[in-house]
Amino acid sequence: MGANDLQQTITLHRPAKPVTPQGLWSVEAIQSLLDKPLMDLLFEAQTVHRQHFPEGDIELATLLSVKTGGCPENCGYCPQSAEFDTGVKAQKLMEVDEVLRAAQAAKEAGATRFCMGAAWRAPKDRDVEKVAVLIEAVKGLGMQTCATLGMLEPHHAHQLKAAGLDYYNHNLDTAPEYYTDIVDTRSYQDRLDTLANVRSAGISVCCGGIVGMGEQPVHRAGLIAQLANLNPYPESVPINSLVRVPGTPLADSEPVDPFDFVRIIAVSRITMPTARVRLSAGRQQMGDAVQALCFMAGANSIFYGDKLLVTGNPDVEADVQLLRKLGLQSRRTTATEEAGACA
Ligand code: SAM
Ligand code: DTB
Ligand code: SF4
């Protein structure tokens, strides 16, 4: 049997989009994709991937925590919550010069996207004004801009858009039924409302989740269903493997089986074919071979830089070597080119 026949056989075993009567992905359909034999799943995900992205293309996004720690929310995974004793020192919002230096360094190292994170429940008017200045400055370097600042009101989203914000990161984190086990200072609906405000302001959506928080397989399927059923689905989908930080309630969670993690990447690719699926937090604990499987499964973006927000990430030099060994390359694109490539 040739590759084309095999591809047809695999595709024929499932409808183009197994959906509910409302035209949405059902949790059951996603669960059955997650349960497929791993090699079939990888083959299908890579086939979908190649229909939508150039071979060997990877996006490099660098993170910077521009306002660290002291957050009033109680997200059980997060080292920046003021409720948990994690040793993270609260810091105020960084000055524009310092942010610009970090963005310039990221650009010189090869990053095309710069994502600024702030440990806020929701920014206040004066915070948005200051972050708008940071966005304008980073945009001026010719980088794609992303921010993750917590819940966003419609007028704040418009202000950030006007400043040149390309992407807003706001994760759904897990399935709705499991969310209240993880955080109770805000609701799932709050997250969805912010995503709608971001979308309405014309900012591209970066939205994903975390695995390894003690969730059941059905919750993983539920998270993917939520993401894939957003209309439209997010342009960027960060899939994080929990970084287990001592002092957080989830510090002793059972680590995710690496093949289960690869499956989640693959099903994200299949259900959101044109999204940038980002292999996000947890790479430092992952090893090169598992990362390679994630790229095979359709991941085509990473966080690139020695640090995530407050925890570690693989060294730039290690990533450069890994990408070289795997034949993956970042192509410098502007946000507009990116949107065109994914259309
Ligand atoms: N405060 C904002 C918010 O919650 O939207 C922005 C920053 S917050 C740190 C961004 C995202 O990082 C979270 O939604 C979560 O998905 C991810 N994250 C935080 N801590 C993590 C951890 N220990 N392991 C993996 N992902 C984590
Ligand atoms: C996302 O999905 N993952 C990033 C980014 N968006 C902001 C954050 C990961 C944080 C990992 C733990 C830390 O360093 O705080
Ligand atoms: Fe605060 Fe965001 Fe961390 Fe939750 S994830 S505690 S909102 S910084």
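Being a predicted model, the structure only gives us computed values, none of them experimental.

Turning our eyes to something else, we now look at the environment of Leu 93. Positionally, Leu 93 belongs in the loop between strand E1 (59–67) and helix H4 (96–109). Distance in space between the C-alpha atoms of Leu 93 and Ile 58 is 30 Å, their sequence separation being 35 residues. When residues no more than four places from it in sequence are discounted, the contact partners of Leu 93 are Val 66, Lys 67, Trp 120, Lys 130, Val 131 and Leu 134.

Around ligand 3, a shell composed of Cys 71, Glu 73, Cys 75, Tyr 77, Cys 78, Ser 81, Ala 119, Trp 120 and Arg 186 is seen. Taken atom by atom, the bulk of ligand 3 overlaps the largest cavity. Each residue belonging to the shell around ligand 3 can be placed in one class, and the counts come to 6 nonpolar, 1 polar and 2 charged.

What follows covers the environment of Arg 121. Position of Arg 121 among the secondary structure elements: in the loop between strand E2 (113–118) and helix H5 (125–139). Excluding its chain neighbours within four sequence positions, the residues that come into contact with Arg 121 are Cys 71, Pro 72, Glu 73, Leu 149, Gly 150, Met 151, Thr 185 and Arg 186. Among the polar contacts made by the side chain of Arg 121, one reaches the side chain of Glu 73 at a distance of 2.4 Å.

A word on the nonpolar core. Core analysis: the biggest nonpolar cluster contains 91 residues, and Tyr 77, Val 99, Phe 114, Leu 160, Tyr 168 and Phe 261 have the highest contact counts within it. For this core, the element with the most residues is helix H10 (residues 258–271), which contributes 7 residues.

Turning our attention to empty space enclosed by the protein. The tally for this structure, following the rule as stated, stands at 3 cavities of 30 Å³ or more. Considering only enclosed or pocket space, the largest cavity measures out at about 820 Å³ in volume. For the largest cavity, the lining is made up of 43 residues, of which Tyr 77, Cys 78, Gln 80, Asn 171 and Leu 309 are closest to its centre. Sorting the residues of the lining of the largest cavity by element identifies E1, E2, strand E3 (144–148) and strand E7 (236–241) as the ones contributing at least two each.

Parameters and conventions
- Residues numbered from 1 in each chain as written.
- Chains lettered and ligands numbered in written order.
- Predicted model: local features only at pLDDT ≥ 70, side-chain atom pairs only at ≥ 80, totals over all residues.
- Heavy atoms only, no water.
- Helix = DSSP H or I, 4+ residues; strand = E, 2+ residues; numbered from the N terminus.
- Contact = heavy atoms within 4.5 Å.
- Near = heavy atom within 4 Å.
- 1 Å grid on protein atoms, 1.4 Å probe; cavity = no way out; pocket = protein on both sides within 12 Å on 5 of 7 lines; lining within 4 Å.
- Sits in = over half its atoms within 2 Å of the grid points.
- Nonpolar A, V, L, I, M, F, W, Y, C, P; charged D, E, K, R; others polar.
- Polar contact = N/O pair within 3.5 Å; in protein donor to acceptor, adjacent residues only side chain to side chain.
- Core = buried A, V, L, I, M, F, W, Y, C linked by side-chain atoms within 4.5 Å.
- Buried < 20%, exposed > 50% of the residue type's maximum accessible area, 1.4 Å probe, protein only.
- Points joined across faces, edges and corners; volume = space filled by probe spheres on them.

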